[in-house]
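Each chain, written out:
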Amino acid sequence: MWFHGSPLKLSMLKAGSTITQWKSLAKAFSHKPICLIIDDNKTIKHNGKLEGFLYIINEELREDDIIKHPNSSMDDGLEWITQRDLRIILIEEIINIEEPYLSDEEIRDYQK
């Protein structure tokens, strides 16, 4: 399954959007964080504060429909870019932002 997280209510996912097979990562991105960190235990921490929406891609993806995100700072294969518009289904509205949050101090330490 492929997921997309956004603070926007969408009816279609536009070409050039980021998708992932990791549901928790898409949920974190739905909060529009400026900074997101995945630690060695695969715990995601971020500083996003917006309510979000979680979508699932509602069609079969062909090999040429997506490419690996060329500028991703994450592990290989976590982020992909869509090459065409895709049908999606809203599967979750995320009103309560899940912890753990990144503190300002953690962000400063990470940026050093």
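Residues numbered from 1 in each chain as written. Predicted model: local features only at pLDDT ≥ 70, side-chain atom pairs only at ≥ 80, totals over all residues. Heavy atoms only, no water.

Colleague: What am I meant to see in the overall build of the protein here?
Modeller: For the protein, the count of helices and strands is two helices and nine strands. Taken from N to C terminus, the helices and strands of the protein fall in the order β-β-β-α-β-β-β-β-β-β-α. Per-residue burial over the protein gives 40% buried out of 112 residues. In the protein, once contacts between residues fewer than 6 apart in sequence are set aside, the share between residues at least 24 apart is 64%. For the protein, the accessible surface area stands at approximately 7,200 Å², while carbon and sulfur atoms represent 47% of it. (Helix = DSSP H or I, 4+ residues; strand = E, 2+ residues; numbered from the N terminus. Buried < 20%, exposed > 50% of the residue type's maximum accessible area, 1.4 Å probe, protein only. Contact = heavy atoms within 4.5 Å. Areas by Shrake-Rupley, 256 points an atom, 1.4 Å probe, with all protein chains shown as cover.)

Colleague: How should the sheet that holds strand β3 (residues 18-19) be read in this particular structure?
Modeller: Across a sheet, strands are paired by hydrogen bonds formed along the backbone, either parallel or antiparallel in direction. Strand order in the open sheet formed by three strands is β3-β8-β7, with antiparallel pairing between adjacent strands. A strand with exactly one partner marks an edge of an open sheet, and here the two such strands are β3 and β7 (66-68). Sheet analysis places β3 next to strand β8 (residues 80-82), joined by two bridges and oriented antiparallel. Of the residues in β8, the one forming a bridge with I19 is W80. (Pairing = 2+ DSSP bridges.)

Colleague: Please clarify how the sheet that holds strand β6 (residues 52-57) should be interpreted in this entry.
Modeller: Pairing within the open sheet is antiparallel, and its four strands lie in the order β1-β6-β9-β2. A strand with exactly one partner marks an edge of an open sheet, and here the two such strands are β1 (3-6) and β2 (12-13).

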